Amino acid sequence: MKTKTRLEVLQDHIGGEFVLSPSPFMLWMKPIVIVAEPGTVTFKYHIREEMTNPIKSLHGGVTAAIVDDCIGATLFSLDEEHFYTTINLSIDYFSPAHSGDNILAKTSIIKKGKQFVNAQCEIWNETETRLIARGYSNLFKTNVVKKVL
């Protein structure tokens, strides 16, 4: 029996929650896979109260975590053997999302070299009419080999 690629595992969850993430934090955020292609993913999130700040808008730290995890899933979609680790993360915040809202996080790889990858993630409201945040990250290819799910 052929083992599924990491991309195929992501694609198996399109329209549903991605419950096989190796990241416990990603599991807590409960992403729903919308798109999974080599080098890009789109996840939908429902903003729960525990993801908000005191004024019930999406917490900046959770926003950063969404960007970081989505970019990580993007590298996962490339089905490479090695693990990439985030070496920096920069987030620009443009508008709020609130408890009860659904948001979309869309990623792309800007440049991929032999050791480093630069990627971005944009977070939009559900109708994609309002940009909530945009993050950029550089990732470094480690010597750690990923386990297959």
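The structure we're discussing is the one just above.
Residues numbered from 1 in each chain as written. Predicted model: local features only at pLDDT ≥ 70, side-chain atom pairs only at ≥ 80, totals over all residues. Heavy atoms only, no water.

Chemist: I keep staring at the overall build of the chain and nothing clicks. Help me out?
Modeler: When you go through the chain residue by residue, the secondary structure sums to three helices and six strands. Its helices and strands in sequence order give the chain the pattern α-α-β-β-α-β-β-β-β, from N to C terminus. For the chain, the C-alpha radius of gyration of 15 Å lies close to 15 Å, the compact-globule estimate for 149 residues. With respect to the three principal axes, the spread of C-alpha positions in the chain is 45 × 30 × 25 Å. By residue count, 43% of the 149 residues in the chain fall in the buried class. If you average the places of the 16 positive and of the 16 negative side-chain charges in the chain, the two averages end up 5 Å apart. (Helix = DSSP H or I, 4+ residues; strand = E, 2+ residues; numbered from the N terminus. Rg over C-alpha atoms; globule rule 2.2 N^0.38 Å. Buried < 20%, exposed > 50% of the residue type's maximum accessible area, 1.4 Å probe, protein only. Lys, Arg positive; Asp, Glu negative; His and termini not counted. Charge placed at Lys NZ, Arg CZ, Asp CG, Glu CD.)

Chemist: Before we go on, may I ask you to explain the pattern of salt bridges in this structure?
Modeler: Note on pairing: side chains with opposite charge can pair once their charged atoms come close. Overall, the coordinates contain eight salt bridges when judged by the stated rule. For Arg48, the salt bridge identified is with Glu50, shortest N-O distance 2.7 Å. For Arg48, a relative accessible area of 15% gives the class buried. The class of Glu50 is partly exposed, set by a relative accessible area of 49%. The partner of Lys112 in a salt bridge is Glu80, and the shortest N-O contact between them spans 2.8 Å. Taken together, the residues span a long stretch of sequence, with Lys112 in strand β4 (residues 102-112) and Glu80 in the loop between α3 (60-77) and β3 (82-93) at a distance of 32 residues. (Salt bridge = Lys/Arg side-chain N within 4 Å of Asp/Glu carboxyl O.)

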